[in-house]
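Summary of the model geometry
Each chain, letter by letter, is given below.
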Amino acid sequence: MNADISTPGWTTAPTGQFTIRLTATPRGARLARRLASQQLTDWGWGHDSEANGTAALLVAELAANAVRHGRVRGRDFRLTLTLYAADPALRIEVTDARPNSRPPTPGTLPQSPPDAESGRGLTLVEALSTHWGVTSGDPYTKTVWCEVLLT
C-alpha cells in the first residue's frame, strides 16, 4: 500500500467528522482514545461493539506514537475521525509536529523481539486496518492515518 495516499479509499462522501487538538502527553493520548470511543457511540457504534473497540485501539496506538515519537515541546497533536456511513468505514488521522520522524512504510514493519515491551503498535494498526500510511501536508507536521471497516 502506498504510504503517501492522502485521500480516503472509500467511494462515498463522509457523513460525519470529529477533530480535536490534544496535548502531546500520555494524558492527551488517553483522552484521544476516550473521545474516539464516545464519538463512535454517538455515531451508532456502542462502547461494547467490536467496531468501537477496534477504532479505540487504533486511535490509542496512533496517539501514543504521536506522543512518543512526534512530540515537540509546546505543540499539540490533532485527532481527526471521518465517518463514511454508507460503507460503513472510519478514517482515523493523527497529526503531530515531527514531519522528519516518519514510521516505516506499510508492509515493511520490522519484527519486534518476543521479549520487547514495546514496538508493536504499528503492527497492530497494519493488522486491524484495511489501509494505513503517512502524509506530510506541510513542512511542520505529518499525519499517520488508517482506515477501518465498521462492520
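Computed from a prediction, not measured in an experiment: that's the story for all the values here.

Basis of the calculations
- In this numbering scheme, every chain counts its residues from 1 along its sequence in written order.
- Local features in this predicted model are restricted to residues whose pLDDT is 70 or higher, and side-chain atom pairs enter the listing and the counts only when it is 80 or higher, whereas totals over whole chains, interfaces and linings include all residues.
- Hydrogen atoms and water are omitted, and side-chain values are computed over all heavy atoms in the structure.
- Any two strands are treated as partners once DSSP identifies two or more bridges connecting them.
- Working definition: helices are DSSP H or I runs of at least four residues, strands are E runs of at least two. Numbering for both runs from the N terminus.
- Note on geometry: axes are C-alpha line fits, over the in-contact stretch for helices, and angles between N-to-C directions span 0 to 180 degrees.
- Between two residues, a contact is recorded if the distance between any of their heavy atoms is within 4.5 Å.
- The term nonpolar core refers to a set of buried residues drawn from Ala, Val, Leu, Ile, Met, Phe, Trp, Tyr and Cys, joined through side-chain atoms within 4.5 Å.
- Note on exposure labels: buried denotes an accessible area under 20% of the residue type's maximum, exposed denotes more than 50%, and partly exposed covers the range between, all computed with a 1.4 Å probe on protein chains only.
- Side-chain atoms alone can form a polar contact between residues adjacent in sequence; in general such a contact is a pair of N or O atoms within 3.5 Å, and within protein one must be able to donate a hydrogen while the other accepts it.
- Under the pairing criterion, centres of Phe, Tyr and Trp rings, with the six-membered ring standing for Trp, must be within 6.5 Å; the plane angle then separates stacked pairs below 30 degrees from edge-to-face pairs above 60, leaving the rest tilted.
- Two conditions define a charge located above a ring, namely a distance within 6 Å from the ring centre to NZ of Lys or CZ of Arg, and an angle within 35 degrees of the ring normal.
- Basic side-chain nitrogens of Lys or Arg form a salt bridge, by our definition, when they fall within 4 Å of a carboxyl oxygen of Asp or Glu.
- The predictor rates its confidence in each residue with pLDDT, a number between 0 and 100.

Reading across the sheet, the five strands line up as S1-S2-S3-S5-S4 and stay open at both edges, with antiparallel pairing between neighbours. Each of the sheet's edge strands pairs with one partner strand only, and the pair in question is strand S1 (16-23) and strand S4 (131-138). Between one strand and the next, the sheet's axes are offset by a mean angle of 20°, whatever the strand orientation. Where S4 meets strand S5 (residues 141-149), six bridges bridge the pair, whose relative direction is antiparallel. Opposite His131, over in S5, you have Glu147 as the bridge partner. Packed on one face of the sheet, helix H1 (residues 26-42) meets S1, strand S2 (76-84) and strand S3 (89-96) and runs near 165° to S1.

With 31 residues, the main nonpolar core has Leu62, Phe77, Leu79, Leu81, Leu90, Ile92 and Leu150 as its most contacted residues. Here the element with the most residues in this core is helix H2 (residues 50-69); it accounts for eight residues.

Glancing now at the side chain of Asp96. Here Asp96 lies in strand S3. With a relative accessible area of 5%, Asp96 lands in the buried category. At a separation of 2.9 Å, a polar atom in the side chain of Asp96 contacts the side chain of Lys142. Beyond its immediate stretch of four places on either side in the chain, Asp96 contacts Ala66, Gly70, Phe77, Tyr140, Thr141 and Lys142.

Another aspect to go through is the environment of Thr54. Assignment of secondary structure puts Thr54 in helix H2. For Thr54, a relative accessible area of 17% puts it in the buried group. Residues Thr54 and Leu128, 74 residues apart in the sequence, show an inter-C-alpha distance of 7.3 Å. Those residues within four positions of Thr54 in sequence are excluded, and the remaining contacts are Leu128 and Val148.

So, about the packing of aromatic side chains. All told, the structure shown has zero aromatic pairs when counted by the stated rule. The ring of Trp145 carries Arg91 above its face, with NZ or CZ at 4.2 Å from the centroid.

Glancing now at the pattern of salt bridges. Considering all chains together, one arrives at four salt bridges under this definition. As a salt-bridge pair, Asp76 and Arg21 come within 3.1 Å of each other at their nearest N and O atoms. Of this pair, Asp76 sits in strand S2 while Arg21 sits in strand S1, placing them 55 residues apart in sequence. The exposed category is assigned to Arg21, whose relative accessible area is 61%. The salt bridge involving Glu93 is made with Arg91; its shortest N-O contact spans 2.7 Å. Among the residues examined, Arg91 registers a relative accessible area of 2% and is labelled buried. Overlapping salt bridges, with partners in common, bring together Arg91, Glu93 and Glu147 in one network.

Looking at the chain as a whole, the pLDDT averages 88, with 85% of positions reaching at least 70. Segment residues 1-8: pLDDT under 50, and 23 contacts once partners within four positions in sequence are set aside and those in other chains are kept.

As a further point, take the pairing of S3. Judged by how many residues are buried, S3 sits mostly within the fold: seven of eight residues are covered. Direction of pairing for S2 relative to S3: antiparallel, over a ladder of seven bridges. Looking across to S3, one finds that Tyr84 is bridged to Ala89. Here S3 pairs with S5 via eight bridges, running antiparallel. Its bridge partner lying in S5, Leu90 is registered against Val148.

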